[in-house]
Amino acid sequence: MKEPSLPICLSCQIERKLDPKEPFFTTFFFTTLRGGGERVGGGGGRGLHTTKAKWFLIESQRHSFHLVDPIPWPISGSLGALATTVGGVMYMHPFQGGATLLSLGIIFILYTMFVWWRNVICESTLEGHHTKVIQLGPRYGFIPFIVSEVMFLLALFRASSHSSLAPTVEIGGIWPPKGIGVLDPREIPFLNTPILPSSGAAVTWAHHAILAGKEK
């Protein structure tokens, strides 16, 4: 069996040893060798070089679900979104401190995204909690996201068609309204059209290559 080459995540609990007599237990064993040959980690296993690590995951429980540990990232992400929204409104209306609050909110959201995704990657790779049942959750959860995007585009095209086919008196009875500049569809819109399917094709190609073990 090919040994997985995984990054070491310091935020994960690298060594977890519980009583095997308990009905639910997970033993995560990680060993490595320092440069001078000194063993680091648990005893009883083969030592590894500093450039190469081998991990042993033994998991035994009565169900296939993962009970996530309490984390502060949902509330931190919410506070970051609130700061971004309020800061954006303050920035668009010249209030003092709006730009600072907007910047702090964006930084907070980016930091939350980084640490939250890092925890998810550690849970799925180093800790091995993402079983086949767990993997169905993100896949099924992605379906409503795709549907919401489709409905958003339908609503956008519906509103555009309604305004262009039957322009109201509020916009002067003409489409596009007076004073609105229209982009040439043969310029930027035409350039964006091949970029969208080509990027999706590249991601799909890379995904299938990873599944086939052709990472290079």
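Since the model is a prediction, treat every value here as computed from it, not as a measurement. One numbering rule holds for all chains: residues counted from 1, following each sequence as written. A pLDDT threshold of at least 70 governs which residues receive local features in this predicted model, and a stricter bar of 80 or more applies before side-chain atom pairs are shown or counted, although totals over entire chains, interfaces and linings include all residues. With hydrogens and water set aside, each side-chain value is computed from the structure's full complement of heavy atoms.

## Brief notes about the overall build of the protein
Rules: Secondary structure elements follow DSSP: runs of H or I no shorter than four residues count as helices, runs of E no shorter than two count as strands, and numbering proceeds from the N terminus. Note on areas: Shrake-Rupley, 1.4 Å probe, and residue coverage restricted to the protein chains presented here.
If you tally the helices and strands in the protein, you get four helices and three strands. When the helices and strands of the protein are read in sequence order from the N terminus, they spell out β-β-β-α-α-α-α. When the accessible surface of the protein is split by element, carbon and sulfur atoms take 68% of a total near 17,000 Å².

## Focus on a nonpolar patch on the surface
Filter applied, for reference: Only residues whose relative accessible area exceeds 30% and that take part in no salt bridge are eligible for patches, with like-charged residues grouped when within 9 Å of each other and nonpolar side chains (Val, Leu, Ile, Met, Phe, Trp, Tyr) grouped when within 5 Å. The salt bridge definition used is simple: a Lys or Arg side-chain nitrogen within 4 Å of an Asp or Glu carboxyl oxygen.
A contiguous nonpolar surface patch, about 960 Å² in accessible area, is contributed by L136, Y140, F142, I143, F145, I146, V147, V150, M151 and L154. When you line up the elements, L136 lands in helix α3 (residues 132-165).

## Concerning unusual backbone geometry
For the peptide bond that leads from W175 to P176, omega is -5°, which places it in the cis range. Structurally, P176 can be placed in the loop between α3 and α4 (188-211).

## Section: the side chain of T112
To keep it simple, the criterion reads: Between two residues, a contact is recorded if the distance between any of their heavy atoms is within 4.5 Å.
If you trace the backbone, T112 turns up in helix α2 (residues 98-124). Not counting chain neighbours up to four residues away, the residues in contact with T112 comprise W73, S76 and G77.

## Overview of the pattern of salt bridges
According to the stated counting rule, one finds one salt bridge in the structure shown. Taking the shortest distance from any N to any O, the salt bridge between R186 and D184 comes out at 3.4 Å.

## Comments concerning α4
As a reminder, the rule being used: Here a helix's expected span is defined as the number of its residues, less one, multiplied by 1.5 Å.
The end-to-end C-alpha distance of α4 is 35 Å, a good match for the 34 Å that 24 residues give at a rise of 1.5 Å each. The positive-phi residue at the C-terminal boundary of α4 is G213, with phi of around 80°.

## Here's the deal with the confidence of the model for the protein
Stated formally: What pLDDT expresses is the predictor's confidence in each residue, scored from 0 to 100.
Of the residues in the protein, 71% have a pLDDT of 70 or more, and the chain-wide mean is 75. When mean pLDDT is compared element by element in the protein, helix α1 (residues 73-92) scores highest at 95, while strand β1 (residues 25-33) scores lowest at 36. Confidence drops under pLDDT 50 across residues 1-59; counting only partners more than four residues distant or on other chains, this segment forms 103 contacts.

## A few points about the environment of H66
What counts is decided by this rule: Each residue's exposure class comes from its accessible area (1.4 Å probe, protein chains only) as a fraction of the maximum for that residue type: buried when under 20%, exposed when over 50%, partly exposed otherwise.
In this fold, H66 is placed in the loop between β3 (54-60) and α1. Using a relative accessible area of 18% as the deciding quantity, one classes H66 as buried. Taking the C-alpha atoms as reference, H66 lies 6.1 Å from H129; in sequence the two are 63 residues apart. Non-local contacts of H66, meaning those with residues more than four positions away in its chain, are made with E123, H129 and I134.

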